[in-house]
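Letter by letter, the chains look like this.
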Amino acid sequence: AQQSHNINNGNVTISKGSGDHIISGTTNSNSVVIESGYVGSVTLENLSITHQTGTTPTIHVKGEPDVNKANNYAPVTNVDIILKGNNQLLFFGTTAAAFQVDEGAQINIRTEDGKNTSGKLLVRATNSKPGLAPINSGGAAIGAPNSPIAQGISDIYHKSNGAVYRYDQATAGGNIIISSGEIEAYGAHGAGIGGGYQTWYNGLVIVTGGKVTAYAGRHAAGLGSGCPTGMGVVDYYADKSATIALPPCEIEAYGAHEDEASVTPANALAGAKLRIYLNDPNNAIVTIRTIDNEPNADIYLDLTE
């Protein structure tokens with residue numbers, strides 16, 4: 001069964017086993033919560049949510065409730081976010097991400113027909129210019145919140161002078177997969193897509209299609225890490241973090257430091273243990289392989305451009 005909701009009528013809570021959902025309408029106060037354990041599709045159809053203040057995300061996808069069991073390699077919540085028409089999620093408060101995906105949760109953003117132009121999503125975690133987010137503003141546009149509160153515990157690695165150091169740290173943020181649609185994501189004190197302020201991002205950002213624009217608001221990557229220590233995208237990486245971008249996606253990504261004048265190209269895709277993308281000057285060869293349970297899968301990449 002597919003349930004329809006108008007966000008103007010009140011908050012929407014999507015629970016485990018409740019089928020597929022369509023959410024539309026406009027609100028300046030209500031929000032959407034997708035509960036832990038939900039598996040299904042949520043269609044955003046000309047949806048507009050604006051939060052000028054507060055700590056509640058416009059959409060909150062909850063992950064593993066037990067932080068000691070949170071694992072982005074085995075998410076307990078798995079949501080297809082289907083875009084139809086023009087959608088916007090604007091969060092100008094504190095603490096939360098605009099479109100928050102907790103550790104132990106995974107979203108796949110796509111359009112119904114696979115065409116980028118049939119579904120658009122604008123997500124803002126700050127009302128300032130990119131690269132000029134207030135220091136205590138919200139987290140990522142899509143991803144982890146601005147908060148030291150643990151959503152999981154994981155190994156954090158730091159490479160320094162040829163040595164590798166390991167720490168046990170609190171982590172936050174789930175998996176974000178984009179396969180089609182037009183997505184604009186403007187982070188606050190965090191990434192456009194990925195980590196937030198005072199959180200170690202431990203998720204996967206995988207973009208295999210779509211047209212994506214991702215700006216950090218302050219001290220963060222366009223796609224990847226937020227600002228875990230208050231000093232920007234530092235050379236520390238959570239154990240399960242990865243940023244992967246492959247054709248036919250189109251990506252514009254901008255990392256930032258302190259102000260709008262310091263948009264940092266090196267921080268476009270940064271702050272993850274694993275980064276894979278074509279035209280990486282340090283990795284001239286990209287190997288693409290099937291996983292063990294799909295030995296006969298056919299993979300085609302058009303590399304003519």
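Note: the structure precedes this text.
Values in this document were obtained by computation on a predicted structure and should not be read as measured data.

Quick look at the nonpolar core
Side chains that are nonpolar tend, in soluble globular proteins, to be buried together. I59, F99, I107, I142 and I193 are the most contacted members of the largest nonpolar core, which totals 50 residues. The leading source of residues in this core is strand β7 (residues 77–91), at five residues. Those residues within four positions of F99 in sequence are excluded, and the remaining contacts are T58, I59, V61, I81, L89, I107, L121, V123, A141, I142 and G143.

Description of the pattern of salt bridges
When the charged atoms of two side chains with opposite charge come close together, those side chains can pair. Applying the stated criterion to the full structure yields five salt bridges. Measuring nitrogen to oxygen at the nearest pair gives 3.3 Å for the salt bridge that ties D80 to R110. One end of the pair, D80, is in strand β7; the other, R110, is in strand β9 (residues 105–111), with 30 residues separating them in the sequence. You can call D80 partly exposed: its relative accessible area is 23%. With a relative accessible area of 23%, R110 lands in the partly exposed category. Here E112 and K84 are joined by a salt bridge, their closest N and O atoms 3.8 Å apart. Of this pair, E112 sits in the loop between β9 and β10 (119–124) while K84 sits in strand β7; the two residues are 28 residues apart in sequence, bridging distant segments of the chain. Judged by its relative accessible area of 29%, K84 falls in the partly exposed class.

Here's the deal with the environment of P228
With respect to the helices, strands and loops of the structure, P228 is situated in the loop between β20 (223–224) and β21 (236–238). The spatial distance from the C-alpha of P228 to the C-alpha of W200 is 5.4 Å, given a sequence separation of 28 residues. What P228 contacts, discounting residues up to four positions off in sequence, is G196, Q198, T199, W200 and V234.

A look at the packing of aromatic side chains
Under the counting rule described, the total for this entry stands at two aromatic pairs. When the ring of Y186 is compared with that of Y215, the centres are 5.4 Å apart and the planes differ by 15°; the resulting orientation is stacked. Of this pair, Y186 sits in strand β15 (residues 182–186) while Y215 sits in strand β19 (residues 211–215); the two residues are 29 residues apart in sequence, bridging distant segments of the chain. On the accessibility criterion, Y186 (12% relative accessible area) is buried. Judged by centre distance (4.3 Å) and plane angle (10°), the rings of Y215 and Y254 are stacked. Of this pair, Y215 sits in strand β19 while Y254 sits in strand β23 (residues 250–256), and the two are 39 residues apart along the sequence.

Regarding the pairing of strand β5 (residues 39–51)
Among the 13 residues in β5, 10 count as buried, and that is most of the element. Where strand β3 (residues 20–27) meets β5, six bridges bridge the pair, whose relative direction is parallel. Bridge pairing in β5 links G25 to L47. Here β5 pairs with β7 via 11 bridges, running parallel. Looking across to β7, one finds that S48 is bridged to Q88.

Here we look at empty space enclosed by the protein
Scanning the entire structure with this criterion turns up one cavity of 30 Å³ or more. Roughly 30 Å³ of internal volume is contained in the largest cavity. Around the largest cavity sit W200, Y201, S225, P228, Y236, Y237, A238 and G271, which together line it. Of all the secondary structure elements, the ones that give two or more residues to the lining of the largest cavity are β17 (200–201) and β21. With three residues, the single largest contributor to the lining of the largest cavity is β21. Each residue belonging to the lining of the largest cavity can be placed in one class, and the counts come to six nonpolar, two polar and no charged.

As for the environment of S154
For S154, the position within the fold is in strand β12 (residues 152–160). Along the backbone, S154 and V39 are 115 residues apart, and their C-alpha atoms lie at a distance of 25 Å. Beyond its immediate stretch of four places on either side in the chain, S154 contacts Y167, D168, Q169, T171, N202 and D239.

Definitions and cut-offs
- Residues numbered from 1 in each chain as written.
- Predicted model: local features only at pLDDT ≥ 70, side-chain atom pairs only at ≥ 80, totals over all residues.
- Heavy atoms only, no water.
- Core = buried A, V, L, I, M, F, W, Y, C linked by side-chain atoms within 4.5 Å.
- Buried < 20%, exposed > 50% of the residue type's maximum accessible area, 1.4 Å probe, protein only.
- Helix = DSSP H or I, 4+ residues; strand = E, 2+ residues; numbered from the N terminus.
- Contact = heavy atoms within 4.5 Å.
- Salt bridge = Lys/Arg side-chain N within 4 Å of Asp/Glu carboxyl O.
- Phe/Tyr/Trp six-rings, centres within 6.5 Å; stacked < 30°, edge-to-face > 60°.
- Pairing = 2+ DSSP bridges.
- 1 Å grid on protein atoms, 1.4 Å probe; cavity = no way out; pocket = protein on both sides within 12 Å on 5 of 7 lines; lining within 4 Å.
- Points joined across faces, edges and corners; volume = space filled by probe spheres on them.
- Nonpolar A, V, L, I, M, F, W, Y, C, P; charged D, E, K, R; others polar.

Read these as geometric descriptors, not functional statements.
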